[in-house]
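Tertiary structure, described
What follows is the residue order along each chain.
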Amino acid sequence: MAAVVPRRIYYRVYVALLGLALLTWGLSYVHLGDPLSAIVALTIAIGKALLVVLFFMHVRYSSWLTWVFVGAGIAWMGHLLILTMSDYLTRATVPGW
Amino acid sequence: MAEQRTALAHQFDDLAQQYEASNLGMWAFLLTEVMFFGGLFVSYTVYRTAYLAGFIAGSQHLNVLLGTLNTAVLLSSSLTMALAVHAAQEGHTRLLSRFLLLTMLLGLVFLGIKGYEYALEYHEGLVPALNFAYTGPHAPQVKLFMIFYFVMTSLHALHMLIGLSLLTVLVVLAWRGRFSAAYHTPVEVIGLYWHFVDIVWIFLYPLLYLVR
């Protein structure tokens, strides 16, 4: 069965999540410029997602097979994004398009 | 352990094995959901790269305050869902029902705020096909951004509605005393789904509202 995680860990994760949400909201008014603002916002989003996956979804306390499943999801999402963008970002622009 | 015998399906050796199978089954489903939303996220990234100025102009028309408020509401609903699972693990069934109802309440608040946002956008003429009156710079690209916004947020809202239906079933089952410290796998598995929907929003929020 899933490990029973002490409630105080959930509260700490929740405070961290709210803190990161406020941080990313505040940083959006700084206007870091593109692509830095997107990189910062997405890094914070990945951090928040990891907190949810590891603690709220108990993956930190789960079997190795669960880790394999979660890792597969991240890996295939990475393939989709990286392979697609490696195409679009390296295309020559056609004049008039 | 009478309740353990009734909860265990005959193809499993024990409840731990049954739990592991259910848990992995939900994760396998969530991976298909990652690919489902992933396609949209990658298309969004491709078009944002191509039409950066238009997407930034579109993003500036969204209500950041309501988007941030909704982020906080949804993160809170994830906390109450985690606490519901915790209550189930400890066998506190009354507490479990309360946390499930609280999670549903927060989910409904999220959908209410989202609906209010949609209404605001309709009145501002930002809804493609229904009422699109934006004539500023990059109008076709802003329209494309708004199409992405409505498709992605409405699919997310649909997942919230499915989550709310599943939570309703859980509340009824909890009231009927079907969960105990020994058996509460449905609570954990639907909890995973609810947290996943939260994660989708964690990425939608910066991509749609903040990167401007």
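Note that the structure is a prediction, hence the values are computed from the model and not measured. (Residues numbered from 1 in each chain as written. Chains lettered and ligands numbered in written order. Predicted model: local features only at pLDDT ≥ 70, side-chain atom pairs only at ≥ 80, totals over all residues.)

Description of the interface of chain A and chain B
At the interface, 39 residues of chain A touch 37 residues of chain B. Elements with a contribution of two residues or more to the side of chain A that touches chain B: α1 (7-27), α2 (36-56) and α3 (64-88) of chain A. If you tally residues by element for the side of chain A that touches chain B, the top one is α3(A), at 13 residues. When its residues are assigned to classes, the side of chain A that touches chain B shows 29 nonpolar, seven polar and three charged. (Contact = placed C-beta atoms within 7 Å. Helix = DSSP H or I, 4+ residues; strand = E, 2+ residues; numbered from the N terminus. Nonpolar A, V, L, I, M, F, W, Y, C, P; charged D, E, K, R; others polar.)

Considering the packing of helix α6 (residues 139-175) of chain B against helix α7 (residues 185-210) of chain B
Residue and element names in this part refer to chain B. One way to put it is that α6 packs onto α7 with a least axis distance of 10 Å and a crossing angle of 160°. Looking at the two axes, α6 sits roughly antiparallel to α7. Judged by the sense of rotation from one axis to the other, the crossing of α6 with α7 is left-handed. Residue-level contacts link Tyr-149, Met-152, Thr-153, His-156, His-159, Met-160, Gly-163, Leu-166, Leu-167, Leu-170 and Leu-173 of α6 to Pro-186, Val-187, Ile-190, Tyr-193, Trp-194, Val-197, Val-200, Trp-201, Leu-204 and Leu-208 of α7. When grouped by side-chain class, the residues that make up the contact of α6 with α7 number 17 nonpolar, four polar and no charged. (Axes fitted to C-alpha atoms, helices over the stretch in contact; angles between N-to-C directions. Parallel < 35°, antiparallel > 145°, perpendicular 65-115°, else oblique. Left-handed = near helix turned anticlockwise from the far one by under 90°.)

Considering the environment of Ala157(B)
Residue and element names in this part refer to chain B. Take Ala-157: it is sitting in helix α6. Linking Ala-157 and Gly-115, residues 42 residues apart in sequence, is a C-alpha distance of 9.6 Å. Excluding residues within four positions of it along the chain, Ala-157 makes contact with Leu-111 and Lys-114.

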